[in-house]
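Descriptive analysis of the structure
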Amino acid sequence: HRCSGSSRFPSPPDTHPRHLSIQSPRMAAPRSLVMTGAVLSAGTMLLVSLSSAFVAAPQRAPASGTSAAQAAGELPTAALSAAALVTPTVAHADEGSVWIPALSAVGAGFAIGLAAIGSGVGQGIASGRCIDGISRQPEVADDLRGVLLLSLAFMESLTIYGLVIALVLLFANPLIK
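Rules behind the numbers
- Residues numbered from 1 in each chain as written.
- Predicted model: local features only at pLDDT ≥ 70, side-chain atom pairs only at ≥ 80, totals over all residues.
- Heavy atoms only, no water.
- Helix = DSSP H or I, 4+ residues; strand = E, 2+ residues; numbered from the N terminus.
- Buried < 20%, exposed > 50% of the residue type's maximum accessible area, 1.4 Å probe, protein only.
- Areas by Shrake-Rupley, 256 points an atom, 1.4 Å probe, with all protein chains shown as cover.
- pLDDT = per-residue confidence, 0-100.
- Patch = residues over 30% accessible without salt bridge, like charges linked within 9 Å, V, L, I, M, F, W, Y side chains within 5 Å.
- Salt bridge = Lys/Arg side-chain N within 4 Å of Asp/Glu carboxyl O.
- Expected span 1.5 Å × (residues − 1).
- Contact = heavy atoms within 4.5 Å.
- Axes fitted to C-alpha atoms, helices over the stretch in contact; angles between N-to-C directions.
- Parallel < 35°, antiparallel > 145°, perpendicular 65-115°, else oblique.
- Nonpolar A, V, L, I, M, F, W, Y, C, P; charged D, E, K, R; others polar.
- Polar contact = N/O pair within 3.5 Å; in protein donor to acceptor, adjacent residues only side chain to side chain.

1. Digging into the overall build of the chain
When helices and strands are tallied, the chain shows five helices and zero strands. Secondary structure elements of the chain occur, N-terminal to C-terminal, as α-α-α-α-α. Burial statistics for the chain: of 177 residues in total, 10% are counted as buried. A total of about 14,800 Å² of accessible surface is found on the chain, and carbon and sulfur atoms cover 69% of it.

So, in structure tokens, the structure goes:
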């Protein structure tokens, strides 16, 4: 027979306190705006404090025969810096140039970073597929484990090649005479 509206077992009393319930969605937007404003103001203060930590480059005083209008007509420093970065002759700079070591350090960072990221992603995918295979066919676990360890060793060797390239760029750079 079907139970009508009542049951033999009473429902448990509501023990969830109302003061611990999730806050209403109408408070989410103001809190988000306040947090966004706080993060933006903290970032601005950090930027201002860091900008005062650097010493400005010395500026050439215009010659006494030139006017302020002629001095303002010169190319700004940022445009000259951008032109120097774009110019391909930077790689063949003079002996005292700082461009080759600086760009070599950037290249070393990219070499080790990309090698580590690629190897980490590959090792994660390979390990996940191996675990899936072992869970589907436990009887081939020993074979899969051996193949997995060999492939992980090959992947890690590629990361070591990236490390070797980074170390060569930093300490035995062939571009520096």
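Once the structure has been displayed, the description carries forward.
2. Digging into the confidence of the model for the chain
Here the chain averages 75 in pLDDT, and 57% of its residues register 70 or above. The least confident element of the chain is helix H2 (residues 68–72), whose mean pLDDT is 50; the most confident is helix H5 (residues 141–171), at 93.

3. So, a nonpolar patch on the surface
Taken together, the side chains of Leu163, Leu167, Leu170 and Phe171 present a nonpolar region at the surface, about 420 Å² in accessible area. With respect to the helices, strands and loops of the structure, Leu163 is situated in helix H5.

4. A short note on H5
In this model, H5 (31 residues) spans 44 Å end to end at C-alpha, consistent with the 45 Å of a helix rising 1.5 Å per residue. Listing the buried residues of H5 in full gives Ala141, Leu148, Leu152, Met155, Thr159, Gly162 and Ala166. Elements that come into contact with the buried residues of H5 comprise helix H4 (99–136).

5. So, the pattern of salt bridges
For the coordinates displayed, the defined rule picks out one salt bridge. The closest approach of N and O atoms between Arg145 and Asp142, which form a salt bridge, is 3.1 Å. With a gap of three residues between them, Arg145 and Asp142 both fall in helix H5, about one helical turn apart. A residue is classified by how much of its surface remains accessible, and Arg145, at 41% relative accessible area, is partly exposed.

6. Remarks on H4
A turn of α-helix holds 3.6 residues, and therefore any two residues three or four places apart point the same way. Helix length check: H4 (38 residues) gives 55 Å between terminal C-alpha atoms against 56 Å at 1.5 Å per residue, within 8%. All buried positions along H4 are accounted for by Ile100, Ser104, Ala108, Ala111, Ala115, Ser119, Cys130 and Gly133. In this fold, the buried residues of H4 make contact with H5.

7. Comments concerning the side chain of Thr159
Looking at the secondary structure, you find Thr159 in helix H5. A relative accessible area of 12% means that Thr159 is categorised as buried. Here Thr159 is in contact with Ile112, Ala115, Ala116 and Ser119, once residues within four sequence places are set aside.

8. Thoughts on the packing of H4 against H5
Closest axis-to-axis distance for the H4/H5 pair is 8 Å, and the angle between their directions is 175°. If you check the angle between H4 and H5, you find them roughly antiparallel. Grouping the constituent residues of the contact of H4 with H5 by class yields 20 nonpolar, nine polar and two charged.

9. With respect to the environment of Ala153
Relative to the assigned elements, Ala153 resides in helix H5. Taking C-alpha positions, Ala153 is 9.5 Å from Gln123, a pair spaced 30 residues apart along the chain.

10. Section: the side chain of Ser104
Its place among the elements puts Ser104 in helix H4. With relative accessibility at 5%, the residue Ser104 sits in the buried group. Within the structure, the side chain of Ser104 is placed 2.7 Å from the backbone oxygen of Ile100, a separation counted as a polar contact. Setting aside residues no more than four positions away along its own chain, Ser104 makes contact with Leu169 and Asn173.

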